Each structure stands twice: as C-alpha cells, then as structure tokens.
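Tertiary structure, described
Residue-level listing of the chains:
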Amino acid sequence: MAEKINGRVAYADLLRTFATIAVIVLHLAGSQMANVAVGSHAWQIFNLYNSLVRWCVPMFVMLSGMFMLDSKHALPLSKLFFHNCLRIIVCLMFWGAVYALIDYWLAGVFSWRGLWQAMLNALRGNTHYHLWFCYMILGLYLVTPCLRAFVRGASRADLHYFLLLCFLFASLLPMAFQVWPNATAPLHTWYDRMGVKLVLGYVGYYVAGYYLREYTIGRITEAIIYVLGVLGAIVTVWGTKALSLQYGALNQFFYDYFAPNVAFFAVAIVVLFRYVLGVSEERSRRQRLSHVARIAFGIYLVHDLFIILLRNIGLTTLSFAPVASVPVLTAVVFLLSFALAWLINHIPFIGRWLT
C-alpha cells in the first residue's frame, strides 16, 4: 500500500479523521454523565463510549509531532511563528469571541465591551472549555525547534530512553503517587526535588508521534502494543466504573490523558492504523479522506457550536437510548461541523486562518 497521496500520509489522514470523530463522541458522551445515576444503564453506556475514545487528545498531539518534528521538511522560525503559532492565536481570539457571543445569546444580553473582553480573556487563557487544546499545542510549537534538533541528532536508542523517561515521570509515577500515597511518599519527595520538567506534559506524545512514523517496529513489539492497548481500554472502562461506584460520583482517575492505560491505548491505535487498517488504494476515497483531514482542526473548533445548539432545542444524548443517541448525534454534529468548517475554510484570504 502506498503511504502517500498528493504528498499526504494516508494513515495519518485516517487517524486525524477518526480522532476528530472521537472528540465529538467524548464531548457528547461526557455531557450528560452527571445527570444520570452512577452505575445506571445509561451511565455505563456513557462510560463505555467515553472510555473508548480517551485516546483522541493524545492522538492529535502525536499527529502534530509526526509532521512538526520531521527534519526532512524545513521549518524556519519565521514560518513557525508567523504561520503555525499566529494561526493558533488568531483561532483562539476569533473562536473565543464566537463562543462568548453564544453565551451572550443564551443569557439574553450583549455588549461590544463584553465581546472585546472575551477576546482578551482568550489571550489570558480563559475561554471556552474545548479551546484549551490551542494553548497546549501552542506551547509545543514554541519548543519544536529544540525538539527538532534533538530528534535530528538522536539515535533510536536515545529516543527509547527519552520516551521511557516521559512515560516514567509523566505517566507511571504520578499514577503511583495517587494510588499508593503513603508507600511512595519518599519517592515522591525525590520526584519533586529533581524537577525533571523536560519530560513532563505532552512532549512525550509529541515525540512519540515522530517516532512511530519514522521507525518501523517488529511483529513481536507490535503484538505487545496491541495487548497493552486492549488492557488499557479494559482498565479505563472497568476502573472508572469501580472507582465511581466506590465514591458515588464520576471518578476520572483512569480518564486522565497521561494515565498509563490511556497512553497504551493511544499508541496501540496509531500502530493499528499504520500497520493494519491503512486506507483504501482507491484514489477517490483517499482524496475524500484528505479533504476531511485538512479541515479536522476547523471541525474541532466549531463542533461544540452544534452540541450547544442541539442542547438548546432539547436534543441531548438522554433524548433517546444512549447506546444509539451517542453515535447518531455524533454523526449529526460531525456532518454539520464539517459543512461549516469547509465553508469557512473556503473564505478567501482569512478562511485558512480560522480553521
């Protein structure tokens, strides 16, 4: 199977499309969990859907790393700052203002001063909930030149060591500190005092995306990754249910994007799409897929507009059986979001800056 069409990586386009759909599932499934009893049939359906798409945010980060860290393509600072970073800032201000307008509309009030304040709030880091991703990816963009220099000179063993540190310090140890706080107290002290910030945050996923595209893995390693991915999914579903029943409310311990179970699941999804699923050889299908992938960020930005709209006309995932309502409403929101993002993207001069 050819990897590229029109210069685009086919399996990455497929991943980006599915990750976009998964985000919509995540927000729809999670939107009503607080309104049903923990452990009820509806709650368990929401938990199942929510658990099975926790990989979506780490996936977007890995997809960014696949291309932003690729040293085969030049990335001068001028392009990084005045294209990549500036685009994120423009999107933050514009969509922060749009969602503020929606809030004003729902509250029945409006003022130009309030709209200007909403734009300033976006710059200050206080805006609509799902736009948090923009701040995080902007931070990764800022350290991208340093990471590109690192991966360009790093051996495969160097990358293994770096990713191991990321997993240990950003994922495994923080979970251990929460599960066994007393037993790990001395280790926690060391952890805090060492202050190994370089391997914290989303940088591990960012570099992992580059690694998973740049290097091939053996069959045994691939099989191990799949096993860990399946176990990660099971732990997310059943662990969340068990803890939530224990505490009498939704416990998101296993939902955390840095939890080992989510990390294993996300990596397994990348490997599955690269080595097994791929994408049809039929050129027209690949082109249609690339059209969706090109505006995936735009779909992400606008999708909550339609979730809000549906909620305000009385249509939620509790309007009918959740097992059907989540996928049906996901399809509705995705199609409407795609249409709007496509229209905005085709506005001359400014469209590409807003999607």
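Everything discussed here concerns the structure shown above.
Residues numbered from 1 in each chain as written. Predicted model: local features only at pLDDT ≥ 70, side-chain atom pairs only at ≥ 80, totals over all residues. Heavy atoms only, no water.

**Side note on the side chain of Asp70**
We count it as follows: Secondary structure counts use DSSP, requiring at least four H or I residues in a row for a helix and at least two E residues in a row for a strand, with both numbered from the N terminus. For each residue, the accessible area found with a 1.4 Å probe, counting protein chains only, is set against the maximum for its type, and the residue is called buried under 20%, exposed over 50%, and partly exposed in between. Pairs of N or O atoms are called polar contacts if they sit within 3.5 Å, as long as, within protein, a hydrogen donor faces a hydrogen acceptor (for residues adjacent in sequence, only side-chain-to-side-chain pairs). Whether two residues are in contact is decided by their heavy atoms, any of which lying within 4.5 Å being enough.
Position of Asp70 among the secondary structure elements: in the loop between helix H3 (56-68) and helix H4 (77-107). We classify Asp70 as buried; its relative accessible area is 2%. From its side chain, Asp70 meets the backbone nitrogen of Lys72 in a polar contact 3.0 Å long. Setting aside residues no more than four positions away along its own chain, Asp70 makes contact with Gly65, Arg148, Tyr210 and Arg213.

**Topic: the nonpolar core**
Note the threshold: Only buried Ala, Val, Leu, Ile, Met, Phe, Trp, Tyr and Cys residues count toward a nonpolar core, and they belong to the same one when joined by side-chain atoms within 4.5 Å.
Within the largest apolar cluster, 102 residues are counted, with the highest numbers of intra-cluster contacts made by Leu15, Trp55, Met59, Trp95, Val207 and Leu301. Element by element, the count of residues in this core is highest for helix H1 (residues 10-31), at eleven residues. Beyond its immediate stretch of four places on either side in the chain, Trp55 contacts Phe18, Ala19, Ala22, Phe265, Ala266 and Ile269. Of all hydrophobic cores here, the second largest spans six residues; its members include Met175, Phe254, Ala259 and Val262.

**Some thoughts on the environment of Arg16**
Here Arg16 is to be found in helix H1. Each C-alpha atom, one on Arg16 and one on Trp132, is 18 Å from the other, the two residues being 116 residues apart in sequence. For Arg16, the residues in contact, after removing those within four places along its chain, are Arg8, Phe60, Leu63, Phe67, Ala293 and Ala296.

**A word on the packing of aromatic side chains**
Geometry of an aromatic ring pair is reported as the spacing of the ring centres plus the angle between the planes. Put simply, the rule is: The pairing test for Phe, Tyr and Trp rings, Trp by its six-membered ring, is centres within 6.5 Å, and the orientation test on the planes gives stacked under 30 degrees, edge-to-face over 60, and tilted for anything in between.
For the structure on display, the rule yields 17 aromatic pairs. An angle of 70° between the planes, with centres 6.2 Å apart, marks the rings of Phe60 and Tyr300 as edge-to-face. Here Tyr300 lies in helix H13 (residues 296-312) and Phe60 lies in helix H3, a separation of 240 residues in the sequence. Residue Phe60 is classed as buried on the basis of its relative accessible area of 11%. Taking the centre distance of 5.2 Å and the plane angle of 75° together, the rings of Phe177 and Tyr191 count as edge-to-face. Pair noted here: Phe177 is in helix H7 (residues 156-179) and Tyr191 is in helix H8 (residues 185-194), with a separation of 14 residues, a long-range link. Classification of Phe177 by relative accessible area gives buried; the value is 8%. Feature note: the residues Phe60, Trp132, Phe133, Tyr202, Tyr205, Tyr257, Phe258 and Tyr300 constitute an aromatic cluster, connected by ring pairs.

**Things to note about the state of the cysteines**
Quick note on the threshold: Any two cysteine sulfur atoms lying within 2.5 Å of each other are counted as a disulfide.
Counted by the stated rule, this structure contains zero disulfides. Residue Cys134 stays outside any disulfide, its sulfur separated by 6.4 Å from that of Cys91, the closest cysteine. With a relative accessible area of 0%, Cys134 lands in the buried category. Sulfur of Cys146: no disulfide; nearest cysteine sulfur belongs to Cys85 and is 12 Å away.

**Thoughts on H3**
Selection criterion: To estimate how far a helix should reach, multiply one less than its number of residues by 1.5 Å.
The end-to-end C-alpha separation of H3 is 18 Å, in line with the 18 Å expected for 13 residues at 1.5 Å each. Among the 13 residues that make up H3, twelve are buried, leaving the element largely enclosed by the rest of the structure. For H3, the set of buried residues is Cys56, Val57, Pro58, Met59, Phe60, Val61, Met62, Leu63, Ser64, Gly65, Met66 and Met68. Packed against the buried residues of H3 are H1, H4, helix H6 (132-153), helix H9 (203-214) and helix H11 (260-277).

**A word on the pattern of salt bridges**
Where we set the bar: A pairing counts as a salt bridge when a side-chain nitrogen of Lys or Arg comes within 4 Å of a carboxyl oxygen of Asp or Glu.
Tallying each qualifying case throughout the model produces four salt bridges. The partner of Asp13 in a salt bridge is Arg16, with the nearest N and O atoms 3.8 Å apart. Remark: Arg16 and Asp13 occur in helix H1; sequence separation between them is three residues, near one turn of the helix. Overall, the relative accessible area of 3% leaves Asp13 in the buried class. Taking relative accessible area as the criterion, Arg16 reaches 16% and is therefore assigned buried. The closest approach of N and O atoms between Lys72 and Asp70, which form a salt bridge, is 3.2 Å. Judged by its relative accessible area of 58%, Lys72 is exposed. One network of salt bridges, with partners in common, ties together Asp70, Lys72, Arg213 and Glu214.

**Things to note about the packing of H7 against H11**
Stated precisely, the cut-off is as follows: Only the stretch in contact is used when a helix axis is fitted, and all axes are lines through C-alpha atoms; the angle between N-to-C directions ranges over 0 to 180 degrees. Each angle gets one of four labels, with under 35 degrees taken as roughly parallel, over 145 as roughly antiparallel, 65 to 115 as roughly perpendicular, and the rest as oblique. Note that Gly is not counted as nonpolar here; it falls among the polar residues with everything else outside the nonpolar set of Ala, Val, Leu, Ile, Met, Phe, Trp, Tyr, Cys and Pro and the charged set of Asp, Glu, Lys and Arg.
Between H7 and H11, the least distance of the axes is 9 Å, while the angle of their chain directions is 135°. Between H7 and H11, the angle falls in the class oblique. Contacts between H7 and H11 involve Phe167, Ser171, Leu172 and Met175 from the former and Pro260, Asn261 and Phe264 from the latter. Looking at the contact of H7 with H11 residue by residue, the classes come out as five nonpolar, two polar and no charged.

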